Amino acid sequence: MQIVNSIYPYPVLSLDDDDYIASSSFEVEFSLTSATSFKNANVHCKFKLHDQSLEDLIKRGLAGFYLHVENSRASYRKLYALEIGTNTFDLEIDPKLMRQKVELSGFLLAKQEIKYHQSESINSELYGPNYVFPTLNVGDPLAVAFTTNVNIDDTDSFKSVTSIIKVAKSKSDCMLVDPDGEIVYVYLPEKQYEQYVKYQGMQEVILTMVILPALTQLLNYMVIFRNGDIDGQKWYQVIERKIKSLDLDLQDLMKQNVSALELAQKILDNPLERAFMEVQGVIESED
């Protein structure tokens, strides 16, 4: 019998060793949804385990899926436990805690002490026939997936729009934009404001219907009053920084190299497409 040279004193299921037979596998699929003006970036994690004995341990509550998240740039490290009965996890990327590159590792760990565990999937050529695991303690790994690096875009995709533009209710019969302050107030008629509150979940649609026209007006306002004192206001500085991050300048707007509407869409990262996708998702979920 040949014992594999492993960091673990017992068989651990992984794609890069031969502890288990070829039909057993464990991996985690990651898909990144980039940040928008209203939402942080999100990593959808899908744990894929193919091994009957390990699946039985999960069903008995003896083992569970975990996601280890590490970001050395921000000195962030955390272990997330998946809910019992699920194999998916959505990790929201908080830019205050995680930046640039995030390392993600999936594990199957013991949740309780496990004694006398046996599996027909163990590679008998390495561990011999009828192998019996040593007593496993809470936190001991049973399966390990490859570490995956997820690159996070550090560019401010107008995330701070919610800090410089506030929506409020007014007695007017149409939408109004008030830029006379550190932040901008968008006033909606009472009935429209009630709908705005009711459909807060459709954030991309709201972004397109309310924030996009308000931002378009603000850009025109920045050109018209460029020689005034508005450049010291917070909302002006945030928008100006975003314009520069797009390799553009207010001069491009003044010279009509780009229209206010076009520039507003660039700042908000083309919200129309996301709004239509959001609407499509709602319609499909109702069918």
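Just so it is clear, the model here is predicted, and its values are computed rather than measured. (Residues numbered from 1 in each chain as written. Predicted model: local features only at pLDDT ≥ 70, side-chain atom pairs only at ≥ 80, totals over all residues. Heavy atoms only, no water.)

**Student:** What am I meant to see in the overall build of the protein here?
**Tutor:** Secondary structure assignment for the protein yields nine helices and eleven strands. Since a compact globule built from 287 residues should have a radius of gyration of about 19 Å, the 26 Å found for the protein marks it as more spread out than a globular shape. If you line up the protein on its principal axes, its C-alpha atoms span 85 × 40 × 25 Å. Sorting the 287 residues of the protein into buried and exposed places 41% on the buried side. Within the protein, counting contacts between residues at least 6 apart in sequence, those at least 24 apart form 65% of the total. In the protein, 27 positive and 42 negative side-chain charges are present, and the distance between their average locations comes to 6 Å. (Helix = DSSP H or I, 4+ residues; strand = E, 2+ residues; numbered from the N terminus. Rg over C-alpha atoms; globule rule 2.2 N^0.38 Å. Buried < 20%, exposed > 50% of the residue type's maximum accessible area, 1.4 Å probe, protein only. Contact = heavy atoms within 4.5 Å. Lys, Arg positive; Asp, Glu negative; His and termini not counted. Charge placed at Lys NZ, Arg CZ, Asp CG, Glu CD.)

**Student:** When you look at the sheet that holds strand S5 (residues 88–93) in this model, what are you seeing that I'm missing?
**Tutor:** Strand order in the open sheet formed by three strands is S1-S2-S5, with antiparallel pairing between adjacent strands. Unpaired on one side and paired on the other, strand S1 (25–33) and S5 mark the two borders of the sheet. Strand after strand, the sheet turns through a mean of 20° between neighbouring axes, direction not considered. Note that S1 and strand S2 (residues 41–50) share nine bridges and pair antiparallel. Across the sheet, the residue bridging to Val28 is Phe47, located in S2. (Pairing = 2+ DSSP bridges. Axes fitted to C-alpha atoms, helices over the stretch in contact; angles between N-to-C directions.)

**Student:** Explain the environment of Ser259 here, please?
**Tutor:** Along the chain, the position of Ser259 falls in the loop between helix H7 (250–254) and helix H8 (260–267). We classify Ser259 as partly exposed; its relative accessible area is 38%.

**Student:** Quick question: what am I supposed to make of the sheet that holds strand S9 (residues 165–170) here?
**Tutor:** Read from one edge of the open sheet, three strands run S9-S11-S10, paired in mixed fashion. In this open sheet, the two strands that pair with only one neighbour each are S9 and strand S10 (176–178). Adjacent strand axes in the sheet meet at a mean angle of 30°, parallel and antiparallel pairs treated alike. The sheet contact formed by S9 and strand S11 (residues 184–189) spans six bridges and is parallel. Counted as the bridge partner of Lys169 is Leu188 from S11.

**Student:** Could you clarify how one ought to interpret the confidence of the model for the protein in this entry?
**Tutor:** Segments scoring low in pLDDT should not have their predicted coordinates read at a detailed level. The share of residues in the protein with pLDDT of 70 or more is 92%, and the mean pLDDT across the chain is 86. Within the protein, no element has a lower average pLDDT than helix H3 (residues 161–164), which sits at 70, and none a higher one than helix H1 (residues 52–59), at 96. Residue range residues 1–5 is modelled with pLDDT below 50. Its contacts to residues more than four positions away, or to other chains, number eleven contacts. (pLDDT = per-residue confidence, 0-100.)

**Student:** How should the nonpolar core be read in this particular structure?
**Tutor:** One broad trend across soluble globular proteins is that nonpolar side chains are buried collectively. Judged by nonpolar contacts, the single largest core of 45 residues is most densely connected at Phe26, Leu54, Leu67, Val69 and Leu91. Top contributing element to this core by residue count: strand S6 (residues 101–110), with six residues. Leu67 has contacts with Phe30, Cys45, Phe47, Lys78, Leu79, Tyr80, Leu82, Phe89, Leu91, Leu104 and Ser105, leaving out every residue within four places of it along the chain. Core analysis: the second largest hydrophobic core is formed by 34 residues, Val177, Leu212, Leu250 and Leu268 among them. (Core = buried A, V, L, I, M, F, W, Y, C linked by side-chain atoms within 4.5 Å.)

**Student:** Explain H1 to me, please; I cannot follow it from the model alone.
**Tutor:** Each α-helix turn comprises 3.6 residues. Residues three or four places apart therefore point the same way. For H1, the complete set of buried residues consists of Ser53, Leu54 and Leu57. Projected onto a plane normal to the axis of H1, the buried residues spread over an arc of 100° and lie on a single side. Tucked into the core, H1 has its buried residues touching S2, strand S3 (63–71), S6 and strand S7 (141–144). Phi for Gly61, located one or two positions after H1, is positive at around 75°. (Arc of directions from axis to C-beta.)

**Student:** Help me understand the packing of aromatic side chains in this model?
**Tutor:** Geometry of an aromatic ring pair is reported as the spacing of the ring centres plus the angle between the planes. Tallied over the entire structure, the rule returns 13 aromatic pairs. Ring-pair connections join several aromatic residues into one group, and the members of that group are Tyr8, Tyr10, Tyr127, Tyr131 and Phe133. (Phe/Tyr/Trp six-rings, centres within 6.5 Å; stacked < 30°, edge-to-face > 60°.)

**Student:** Whenever I open this one, the environment of Val144 confuses me. Can you help?
**Tutor:** Topologically, Val144 is positioned in strand S7. A relative accessible area of 16% places Val144 in the buried class. A C-alpha to C-alpha distance of 7.1 Å links Val144 and Val12, two positions 132 residues apart in sequence. Non-local contacts of Val144, meaning those with residues more than four positions away in its chain, are made with Tyr8, Val12, Leu13, Ser14, Phe26, Gly106 and Phe107.

**Student:** It is not clear to me how the packing of helix H5 (residues 203–224) against H8 should be interpreted in this structure. Could you clarify?
**Tutor:** Each pair of packed helices can be summarised by the angle the axes make with each other and by the distance between the axes. Viewed as axis vectors pointing N to C, H5 and H8 meet at an angle of 120°, and their least axial separation amounts to 8 Å. Taken together, the axes of H5 and H8 lie oblique to each other. Between H5 and H8 the crossing geometry is right-handed. The segment H5 lies against H8, with Leu212, Leu215, Thr216, Leu219 and Asn220 engaging Ala260, Leu261, Leu263, Ala264, Gln265 and Ile267. Its residues assigned to classes, the contact of H5 with H8 comprises eight nonpolar, three polar and no charged. (Parallel < 35°, antiparallel > 145°, perpendicular 65-115°, else oblique. Left-handed = near helix turned anticlockwise from the far one by under 90°. Nonpolar A, V, L, I, M, F, W, Y, C, P; charged D, E, K, R; others polar.)

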